[in-house]
Amino acid sequence: MSHPRWVPPNGGAQRNLQPPRVVMFRARIKSLLCIGCGECLAVCKQGVFRKTAEGKAEVSNGDRCKGCLDCFAVCRTRAIHILPGKSISRMR
Ligand code: SF4
Ligand code: SF4
């Protein structure tokens, strides 16, 4: 099934307009709670997390989150929070 082509409000008069992007979920880590076990890095198929120099986990690609909650389930310290996505990004 093909999707209708997005047309900017001005009909495309400005060439640098990009279609809006919807981010459904955002991952956040409370660094103070993270013990650096690495479970979230191992379980996330989207590559949302990376390890810091201190050995803790941090979010590197939060916009890739699909909301599967696998990381939430394995994090024993409840350091991870999956939040609703931010609003539709502004047109650039
Ligand atoms: S699973 Fe939790 S405690 Fe372990 S590295 Fe990830 S955020 Fe830190
Ligand atoms: S909810 Fe799923 S996709 Fe999102 S960060 Fe956690 S494991 Fe990755």
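Above this note sits the structure.
Fair warning: this is a prediction, and the values are worked out from it, not measured in the lab. (Residues numbered from 1 in each chain as written. Chains lettered and ligands numbered in written order. Predicted model: local features only at pLDDT ≥ 70, side-chain atom pairs only at ≥ 80, totals over all residues. Heavy atoms only, no water.)

Asks: Would you take a moment to explain empty space enclosed by the protein for this structure?
Replies: A complete count under the given rule lists 1 cavity of 30 Å³ or more for this structure. Computed from the structure, the largest cavity encloses a volume of approximately 100 Å³. Forming the walls of the largest cavity are 15 residues, and the residues nearest its centre are Cys34, Cys37, Cys40, Cys75 and Thr77. For the lining of the largest cavity, the residue count by class is 10 nonpolar, 3 polar and 2 charged. (1 Å grid on protein atoms, 1.4 Å probe; cavity = no way out; pocket = protein on both sides within 12 Å on 5 of 7 lines; lining within 4 Å. Points joined across faces, edges and corners; volume = space filled by probe spheres on them. Nonpolar A, V, L, I, M, F, W, Y, C, P; charged D, E, K, R; others polar.)

Asks: Looking at this structure, how should I read unusual backbone geometry?
Replies: Working note: non-glycine residues mostly have negative phi, and peptide bonds are mostly trans. In this structure, leucine 69 is a non-glycine residue whose phi angle is positive, near 70 degrees. Assignment of secondary structure puts leucine 69 in the loop between strand S3 (57-59) and helix H2 (70-74). The phi torsion at arginine 78 lies on the positive side, around 60 degrees, for a residue other than glycine. By secondary structure assignment, the location of arginine 78 is in the loop between H2 and strand S4 (80-84). (Helix = DSSP H or I, 4+ residues; strand = E, 2+ residues; numbered from the N terminus.)

Asks: For this particular structure, what's the right way to read the site of ligand 1?
Replies: Every residue lining ligand 1 is accounted for by Cys34, Ile35, Gly36, Cys37, Gly38, Glu39, Cys40, Ala57, Cys75, Thr77, Ala79 and Ile80. Judged by the fraction of its atoms near the pocket grid, ligand 1 is located in the largest cavity. Here the residues of the shell around ligand 1 are counted per class, giving 8 nonpolar, 3 polar and 1 charged. (Near = heavy atom within 4 Å. Sits in = over half its atoms within 2 Å of the grid points.)

Asks: Would you mind showing me how to read the packing of aromatic side chains here?
Replies: As enumerated under the stated definition, the model contains 0 aromatic pairs in all. We note arginine 78 situated over the ring of phenylalanine 72; from NZ or CZ to the ring centre the distance is 5.0 Å. (Phe/Tyr/Trp six-rings, centres within 6.5 Å; stacked < 30°, edge-to-face > 60°. Lys NZ or Arg CZ within 6 Å of the ring centre and 35° of its normal.)

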